[in-house]
Amino acid sequence: MYVVKSPLADADLKTVAEALQGALVDLVDLSLVAKQIHWNVVGPRFRSVHLQLDEVVASARTHSDTVAERASALGVPPDGRAATVSSTSGIKTTPSGWIKDGDAVGAMVDALGSVITRMRERVHTTEAPDPVSQDIFIQITADLEKHHWMFQAENA
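In this text the structure is predicted, and so the values were computed from the model without any measurement. (Residues numbered from 1 in each chain as written. Predicted model: local features only at pLDDT ≥ 70, side-chain atom pairs only at ≥ 80, totals over all residues. Heavy atoms only, no water.)

1. Focus: the side chain of Ser6
Of note, Ser6 is situated in the segment before α1 (10-40). Judged by relative accessible area, Ser6 falls into the buried class, the value being 5%. A polar contact is formed between the side chain of Ser6 and the backbone nitrogen of Leu8, at a distance of 2.9 Å. (Helix = DSSP H or I, 4+ residues; strand = E, 2+ residues; numbered from the N terminus. Buried < 20%, exposed > 50% of the residue type's maximum accessible area, 1.4 Å probe, protein only. Polar contact = N/O pair within 3.5 Å; in protein donor to acceptor, adjacent residues only side chain to side chain.)

Okay, here's the thing in structure tokens:
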């Protein structure tokens, strides 16, 4: 049953739907990972890392909403349920307990790097079937790469 019918051909819609769903999962998980680390970071750089993590959370949440709404606009129901995020995210599991500021930064570099790699793949796969979704992925990638750069600079 279609509630919203996409103007894309079925094969193109399938490709774009998979890209959007994957991006949604990665962004939801990125916001959760950053918030988990935010709550547990300790060390001399606590305040700056703590605040920087909230910037990532805000970006990831904004982008996840954009991705979910794009999926809906194409007639694809987005799935951001916890079980879906847990089973399909490309981000490694976050350490539990207190996390030293340097380790927190390293974990964010890894998490962002993973999401960026997958986002760049989505940029490539959506180029022909849907340049509109591709543009969304390009914008998200640019923003995440800025966060990635800043976290890398933290531990340089």
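Continuing now.
2. Points about the packing of helix α2 (residues 46-73) against helix α4 (residues 101-125)
At their nearest, the axes of α2 and α4 sit 10 Å apart, and the two run at 20 degrees to each other. When the interaxial angle is binned, α2 and α4 end up roughly parallel. As α2 runs across α4, the sense of the crossing is left-handed. Of the residues in α4, those touching α2 at Phe46, Val49, Leu53 and Val56 are Asp101, Ala104, Val105 and Met108. Of the residues belonging to the contact of α2 with α4, the class tally is seven nonpolar, no polar and one charged. (Axes fitted to C-alpha atoms, helices over the stretch in contact; angles between N-to-C directions. Parallel < 35°, antiparallel > 145°, perpendicular 65-115°, else oblique. Left-handed = near helix turned anticlockwise from the far one by under 90°. Contact = heavy atoms within 4.5 Å. Nonpolar A, V, L, I, M, F, W, Y, C, P; charged D, E, K, R; others polar.)

3. Side note on the pattern of salt bridges
It is possible for side chains of opposite charge to pair when their charged atoms get near one another. As enumerated under the stated definition, the model contains nine salt bridges in all. Of the charged contacts, one joins Arg45 and Asp101 as a salt bridge, the two residues approaching to 3.8 Å between their closest N and O atoms. Taken together, the residues span a long stretch of sequence, with Arg45 in the loop between β1 (41-42) and α2 and Asp101 in helix α4 at a distance of 56 residues. Ionic contacts of the salt-bridge type, sharing partners, join the residues Asp26, Arg118 and Arg122 into one network. (Salt bridge = Lys/Arg side-chain N within 4 Å of Asp/Glu carboxyl O.)

4. A few points about helix α5 (residues 131-154)
In a regular helix each residue adds 1.5 Å, so 24 residues correspond to 34 Å; α5 covers 35 Å between its end C-alpha atoms and thus fits that length. By the burial criterion, the buried members of α5 are Ser133, Gln134, Ile136, Phe137, Ile140, Thr141, Leu144, His147, His148 and Phe151. Looking at the packing, one finds that the buried side of α5 touches α1, α2 and α4. (Expected span 1.5 Å × (residues − 1).)

5. What about the UniProt feature "domain: Ferritin/DPS" (unreviewed entry) in the protein chain?
Annotation from UniProt places "domain: Ferritin/DPS" (unreviewed entry) at residues 18-153. Taken end to end, residues 18-153 comprises 78% helix and 3% strand; its first and last C-alpha atoms sit 33 Å apart. (UniProt positions renumbered as here; feature names shortened; annotations may be inferred.)

6. Topic: the packing of α4 against α5
Think of two packed helices as two axes; the pair is described by the angle between the axes and how far apart they sit. One way to put it is that α4 packs onto α5 with a least axis distance of 9 Å and a crossing angle of 160 degrees. In this view, α4 runs roughly antiparallel relative to α5, as classed from their interaxial angle. Here the hand of the crossing between α4 and α5 comes out left-handed. Each of Val105, Met108, Val109, Leu112, Gly113, Val115, Ile116, Met119, Arg120, Arg122 and Val123 in α4 lies in contact with α5, whose residues at this interface are Gln134, Phe137, Ile138, Ile140, Thr141, Leu144, Glu145, His147, His148, Phe151, Gln152 and Glu154. For the contact of α4 with α5, the class distribution of residues is 13 nonpolar, six polar and four charged.

7. Details of the nonpolar core
Counting 44 residues, the largest nonpolar core has Leu30, Val67, Met108, Met119, Leu144 and Phe151 as the members making the most contacts within it. The residues touching Val67, leaving out its near neighbours within four places in the chain, are Leu20, Ala23, Leu24, Leu27, Ile136 and Ile140. (Core = buried A, V, L, I, M, F, W, Y, C linked by side-chain atoms within 4.5 Å.)

8. Points about the side chain of Ser59
Of note, Ser59 is situated in helix α2. Engagement of the side chain of Ser59 in a polar contact is seen with the side chain of Asp143, the distance being 3.1 Å. Not counting the four nearest positions on each side in its chain, Ser59 is found in contact with Asp143 and His147.

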